[in-house]
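# Working through the structure, step by step
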Amino acid sequence: MIRPLLRAGTPVKVMVKTVPFIEATHFFAESDLNLEPKFKITGAYGFQPLPPEGVRIIRDFLAKAPNRHSSVWSQSLGGAGSAVSRVSPTATAYPHRKAEIIYELSARWRNNGEQKRNIQWVERFRRALRPFVKGDYVNFPDLQIKNWPKAYYGENFGRLKQVKRKYDPHNVFRFAQSIPVGKQVRK
């Protein structure tokens, strides 16, 4: 599946490996220690393999990346027929159970003067890929996503608001894109 991407450019490193969950967790935690401290990140799901136009978009954006810490990372999720997809998209908060791939688009930098250029690159990258992907991953929070409840949670958002009202009625756990409580409970 990644062969077209490998022919499209000159990757610094390619690694395809099946590992136990805990090994994958350690791998990603270690790599985060060496990253630049400021970043912009967003993500989306591919429900089908990228067509040549999608591969070209990735190649072109990486060729014009603002720095060497800008990347697209993707992980196979198994898609339809996988163990994850056997659970209904409405059974839990996570609706993207039939996705084939998750894409993470990110840029990292150190100096404040680099912020605008890096953020714009990630946002343009996401817009360019939109015809080939859908939804967004809640663990890559992105304040530029207009309809984030649908993008992150799909049909599950209404039920998640009920859970929030029950377990966090005072909205203690919150940020700009957290599940809203709705009607506030008075003390």
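In this report, we go over the structure that sits alongside the text. (Residues numbered from 1 in each chain as written. Predicted model: local features only at pLDDT ≥ 70, side-chain atom pairs only at ≥ 80, totals over all residues. Heavy atoms only, no water.)

## Topic: the environment of Pro95
- Position of Pro95 among the secondary structure elements: in the loop between strand S2 (71-76) and strand S3 (101-109).
- Non-local contacts of Pro95, meaning those with residues more than four positions away in its chain, are made with Pro89, Tyr152, Tyr153, Gly154 and Asn156. (Helix = DSSP H or I, 4+ residues; strand = E, 2+ residues; numbered from the N terminus. Contact = heavy atoms within 4.5 Å.)

## Digging into a nonpolar patch on the surface
- On the surface, a cluster of nonpolar side chains totalling about 550 Å² of accessible area is made up of Met1, Ile2, Leu5, Leu6, Val14 and Val16.
- For Val14, the position within the fold is in the loop between helix H1 (3-8) and helix H2 (21-32). (Patch = residues over 30% accessible without salt bridge, like charges linked within 9 Å, V, L, I, M, F, W, Y side chains within 5 Å. Areas by Shrake-Rupley, 256 points an atom, 1.4 Å probe, with all protein chains shown as cover. Salt bridge = Lys/Arg side-chain N within 4 Å of Asp/Glu carboxyl O.)

## Describing the sheet that holds S2
- Across the sheet, three strands lie side by side as S1-S3-S2; this open sheet has antiparallel pairing. Two strands bound the open sheet, and with one partner strand each, they are strand S1 (38-46) and S2. On average, each strand axis in the sheet is tilted by 20° relative to the strand beside it, whichever way the strands run.
- Of the pairings in the sheet, the one linking S1 to S3 comprises nine bridges and is antiparallel in character. (Pairing = 2+ DSSP bridges. Axes fitted to C-alpha atoms, helices over the stretch in contact; angles between N-to-C directions.)

## Comments concerning the packing of helix H3 (residues 52-63) against helix H4 (residues 115-129)
- The contact between H3 and H4 brings their axes to 10 Å, and the two run at 170°. Compared by their axis directions, H3 and H4 come out roughly antiparallel. Counted together, Gly54, Ile57, Ile58, Phe61 and Leu62 of H3 and Trp121, Arg124, Phe125, Ala128 and Leu129 of H4 form the full contact between these two elements. (Parallel < 35°, antiparallel > 145°, perpendicular 65-115°, else oblique.)

## With respect to the pattern of salt bridges
- Under the defined criterion, the tally for this structure stands at nine salt bridges.
- Between Arg59 and Asp60 there is a salt bridge whose closest N-O contact spans 3.3 Å.
- With a relative accessible area of 35%, Arg59 lands in the partly exposed category.
- The shortest N-O distance in the salt bridge between Lys164 and Asp168 comes to 2.9 Å. (Buried < 20%, exposed > 50% of the residue type's maximum accessible area, 1.4 Å probe, protein only.)

## Overview of the nonpolar core
- By size, the foremost hydrophobic cluster in this structure holds 15 residues, and its most contacted members are Ile58, Tyr103, Trp121, Phe125 and Leu129.
- Elements that contribute at least two residues to this core include exactly H3, S3 and H4.
- When near neighbours in sequence (up to four residues on either side) are disregarded, Leu129 contacts Gly54, Ile57, Ile58 and Leu105.
- Membership of the second largest hydrophobic core comes to eight residues, among which are Ile145, Ala151, Tyr153 and Leu160. (Core = buried A, V, L, I, M, F, W, Y, C linked by side-chain atoms within 4.5 Å.)

## Quick notes on the side chain of Gln177
- On the secondary structure map, Gln177 appears in the segment after helix H6 (157-167).
- With relative accessibility at 2%, the residue Gln177 sits in the buried group.
- A polar atom in the side chain of Gln177 sits 2.6 Å from the side chain of Tyr152.
- Not counting chain neighbours up to four residues away, the residues in contact with Gln177 comprise Pro141, Asp142, Leu143, Ile145, Trp148 and Tyr152. (Polar contact = N/O pair within 3.5 Å; in protein donor to acceptor, adjacent residues only side chain to side chain.)

## Considering the packing of aromatic side chains
- By the definition in use, this model includes ten aromatic pairs.
- The interplanar angle of 70° and the centroid separation of 6.1 Å between the aromatic rings of Tyr45 and Tyr94 together place this pair among those described as edge-to-face. A residue pair is termed long-range when its members are at least 10 positions apart, and Tyr45 in strand S1 and Tyr94 in the loop between S2 and S3 qualify at 49 residues.
- With relative accessibility at 26%, the residue Tyr94 sits in the partly exposed group.
- An angle of 5° between the planes, with centres 4.7 Å apart, marks the rings of Phe61 and Phe125 as stacked. Highlighted residues: Phe61 in helix H3 and Phe125 in helix H4, separated in sequence by 64 residues. The pair formed by Phe61 and Phe125 is uniform in burial state, with each residue classed as buried. (Phe/Tyr/Trp six-rings, centres within 6.5 Å; stacked < 30°, edge-to-face > 60°.)

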